[in-house]
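Structural characterization, general
Now for the letters of each chain:
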Amino acid sequence: AARLSGGENRLVSLPLSRIRVIMKSSPEVSSINQDALFLTAKATELFVQYLATYSYKHGRGKEKNALTYSDLSHTAEECETFQFLADILPKKILASKYLKMLEKEKRDGEVGEDDEEDEEEEDE
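So, here is what we can say about the structure in this document. Because the structure is a prediction, the values reported are computed rather than measured. (Residues numbered from 1 in each chain as written. Predicted model: local features only at pLDDT ≥ 70, side-chain atom pairs only at ≥ 80, totals over all residues. Heavy atoms only, no water.)

1. Focus on the pattern of salt bridges
Short version of the rule: We count a salt bridge whenever a side-chain nitrogen from Lys or Arg sits within 4 Å of a carboxyl oxygen from Asp or Glu. Helix and strand labels come from DSSP, where a helix needs a run of H or I of at least four residues and a strand needs a run of E of at least two; each type is numbered from the N terminus. Relative accessibility thresholds used throughout: buried, under 20% of the residue-type maximum; exposed, over 50%; partly exposed, between the two (1.4 Å probe, protein chains only).
In total, this model carries one salt bridge according to the counting rule given. Among the salt bridges present, the one from Glu-45 reaches Lys-42, with a minimum N-O distance of 3.8 Å. Highlighted residues: Glu-45 and Lys-42, both in helix α2 (residues 34–58), separated by three residues, approximately one helical turn. Classification of Lys-42 by relative accessible area gives partly exposed; the value is 29%.

So this is what it looks like as structure tokens:
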């Protein structure tokens, strides 16, 4: 692998210093080889490019000639390859819908707790 010099930094668009900081944030990493840093940066770039291209081709952005967050979240939710991103790219919902979901979960949780308490009393 080629050693990084000033000219080779242009082979990647992501800032290598930021990638080094992210890699060093792992407690298992003590030192980072320049080749590993470069390859991680290039792999990350290619992954982001693939995700964006796939999302653009399979989303609504094609109609508007733009890539939107909803295109990315739809890809993360629907495409098996990108399922691991579903928690990172959740579908956007309105705050009012979220509050209603929380209320429903709370009501369902209270009903479930009441059932458990009734069962415990019957056991005694």
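2. Quick notes on α2
Going by this rule: Take the residue count of a helix, subtract one, and multiply by 1.5 Å to get its expected span. Contact between two residues is taken to exist if any of their heavy atoms lie within 4.5 Å; hydrogens are not considered. We call two N or O atoms a polar contact when they sit within 3.5 Å, provided that within protein one can donate a hydrogen and the other can accept it, with sequence-adjacent residues counted only if both atoms are side-chain atoms.
Given a rise of 1.5 Å per residue, 25 residues ought to cover 36 Å, and the 36 Å separating the end C-alpha atoms of α2 matches this to within 8%. Those residues of α2 lying buried are Asp-35, Leu-37, Phe-38, Ala-41, Glu-45, Leu-51 and Ser-55. Of the surrounding secondary structure, the elements contacted by the buried residues of α2 are α1 (16–24) and α4 (69–78). Looking at where α2 begins, the residue whose side-chain oxygen comes 2.8 Å from the main-chain nitrogen of Asp-35 is Asn-33.

3. Points about the packing of α1 against α2
Where we set the bar: The axes used here are C-alpha line fits, helices contributing only the stretch in contact, and every angle between their N-to-C directions lies in the interval 0 to 180 degrees. Small angles under 35 degrees read as roughly parallel and large ones over 145 as roughly antiparallel, with 65 to 115 read as roughly perpendicular and the rest as oblique. Polar here means any residue outside two lists: the nonpolar Ala, Val, Leu, Ile, Met, Phe, Trp, Tyr, Cys and Pro, and the charged Asp, Glu, Lys and Arg; Gly therefore counts as polar.
Between α1 and α2, the least distance of the axes is 10 Å, while the angle of their chain directions is 105°. The orientation of α1 relative to α2 falls into the category roughly perpendicular. Residues Leu-16, Ile-19, Arg-20 and Met-23 of α1 lie in contact with α2, whose contacting residues are Gln-34, Leu-37, Thr-40 and Ala-41. Taken together, the residues that form the contact of α1 with α2 break down as five nonpolar, two polar and one charged.

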